[in-house]
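Residue-level structure breakdown
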Amino acid sequence: MSGELLSSTLLQRQAGAFIIEDDWARDLDLAGNAPAPLATADRHGHVVYIRSLAKSAAPGLRVAAVIARGAALARLKVARASQDFFVSGPLQAAALAVVSAPGWKPHLKAVRAALIEGRDVLVGVLREEVGDCVTFQVPTGGMHLWLRLPDHVCDVALAADLARNDVIVGAGRPWFPADPEGSFLRLTFAGHPTTLVEGAKRLSQAIKHKL
């Protein structure tokens, strides 16, 4: 068991708390070294693990899997007894057909390759255009890059300005449960490289204008 998993497990046991582990990006691991889920170290039913196909297969495939043990599992069984009647049977059958098809693993490989290409294009333009005035970490999974703006640049206002210029980004503020430690934008690299280049250049011009 890794140190991070051990620490998390000990903390949740001491607090008598449940952890909801939303592992939506597991299929989008771009570096091949994603840590094991917290659920693998859970022996006492404190972790409720959730997986979804919405990002790795199709946005419209709104089917998820929930894994739990112990008391959490018992509670979920009672709650789901009635709710599961309202989950589309054909949709569940489609999800099963997708993940059991011979083409599922090649599909995931192609998705990861496309995301890596898009990420590298976005990172390259940002480093070239505004590398001296913003900071970010190169993501090793998922489909988003978090860009730290200069503190005097308002992320909400900048996102609105960009939207008027046909560039859609996410202001960082709504993603924080409390006051953010700085000004951030959430950028996606799940797009065509040509589109990403143009969008990153418009973003860079807007940031320079704010300096």
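Everything numeric in this text was worked out from a predicted model, so none of it was measured.

**Re the overall build of the protein chain**
Broken down by element type, the protein chain carries six helices and seven strands. N-terminal to C-terminal, the α/β element order of the protein chain is α-β-β-β-α-α-α-β-β-α-β-β-α. For the protein chain, the spread of C-alpha atoms along the three principal axes comes to 55 × 45 × 35 Å. Counting all 211 residues of the protein chain, 33% fall into the buried class. The contacts in the protein chain between residues at least 6 apart in sequence include a share of 66% that link residues at least 24 apart. Just so you have it, the protein chain exposes about 12700 Å², and 58% of that area is on carbon and sulfur atoms. Counting 23 positive and 20 negative side-chain charges, the protein chain places the averaged centre of each group 7 Å from the other.

**Notes on the nonpolar core**
Of all hydrophobic cores here, the largest spans 29 residues; its most connected members are Leu147, Leu185 and Leu187. Mapped onto this core, the elements with two or more residues apiece are α4 (104–130), β5 (144–149), α5 (155–164), β7 (183–188) and α6 (193–210). Apart from the residues lying within four places of it in its own chain, the contact partners of Leu187 are Leu122, Leu126, Met143, His144, Leu145, Leu147, Val169 and Leu203. Within the second largest apolar cluster, six residues are counted, among which are Leu53, Leu61, Trp104 and Leu108.

**Describing the packing of aromatic side chains**
Evaluated as defined, the whole model comprises three aromatic pairs. Seen from their ring centres, Trp146 and Phe176 are 6.1 Å apart, and the 90 degrees between their planes marks the pair as edge-to-face. Separated by 30 residues along the polypeptide, Trp146 in strand β5 and Phe176 in the loop between β6 (170–171) and β7 bring together distant segments of the chain. Overall, the relative accessible area of 27% leaves Phe176 in the partly exposed class. Summarising the aromatic geometry, the rings of Phe176 and Phe184 are spaced 5.6 Å apart at their centres and angled 35 degrees between planes, so their arrangement reads as tilted. Phe184 gets classed as buried once you look at its relative accessible area, which sits at 12%. An aromatic cluster of three or more residues is present, and its members are Trp146, Phe176 and Phe184.

**A look at the side chain of Asp23**
Examined against the element boundaries, Asp23 turns out to sit in the loop between β1 (19–22) and β2 (47–52). Overall, the relative accessible area of 12% leaves Asp23 in the buried class. One polar contact links Asp23 to Arg26, side chain to side chain, over a distance of 2.7 Å. With sequence-adjacent residues up to four places away left out, Asp23 is seen in contact with Pro37, Tyr49, Ile50 and Arg51.

**A word on the environment of Ala68**
Take Ala68: it is sitting in the loop between β3 (64–67) and α2 (70–83). Residue class for Ala68 comes out buried when judged on its relative accessible area of 15%. Sequence separation between Ala68 and Ala31 is 37 residues; the distance between their C-alpha atoms is 27 Å. Beyond its immediate stretch of four places on either side in the chain, Ala68 contacts Val47, Val48, Leu73 and Leu76.

**Description of the sheet that holds β7**
To summarise the sheet geometry, strands pair through backbone hydrogen bonds and adopt either a parallel or an antiparallel arrangement. Taken in spatial order, the four strands line up as β4-β5-β7-β6 in an open sheet, and their pairing is antiparallel. The open sheet terminates on both sides in strands that have one partner only, identified here as β4 (135–136) and β6. Here β5 runs beside β7; their pairing, made up of six bridges, is antiparallel. Paired with Arg148 across the bridge in β7 is Phe184. The sheet contacts of α4 involve β4, β5 and β7, and relative to β5 the element is tilted by about 15 degrees.

Conventions used here
- Residues numbered from 1 in each chain as written.
- Predicted model: local features only at pLDDT ≥ 70, side-chain atom pairs only at ≥ 80, totals over all residues.
- Heavy atoms only, no water.
- Helix = DSSP H or I, 4+ residues; strand = E, 2+ residues; numbered from the N terminus.
- Buried < 20%, exposed > 50% of the residue type's maximum accessible area, 1.4 Å probe, protein only.
- Contact = heavy atoms within 4.5 Å.
- Areas by Shrake-Rupley, 256 points an atom, 1.4 Å probe, with all protein chains shown as cover.
- Lys, Arg positive; Asp, Glu negative; His and termini not counted.
- Charge placed at Lys NZ, Arg CZ, Asp CG, Glu CD.
- Core = buried A, V, L, I, M, F, W, Y, C linked by side-chain atoms within 4.5 Å.
- Phe/Tyr/Trp six-rings, centres within 6.5 Å; stacked < 30°, edge-to-face > 60°.
- Polar contact = N/O pair within 3.5 Å; in protein donor to acceptor, adjacent residues only side chain to side chain.
- Pairing = 2+ DSSP bridges.
- Axes fitted to C-alpha atoms, helices over the stretch in contact; angles between N-to-C directions.

So, to be careful, I would describe these as geometric facts and stop short of saying anything about function.
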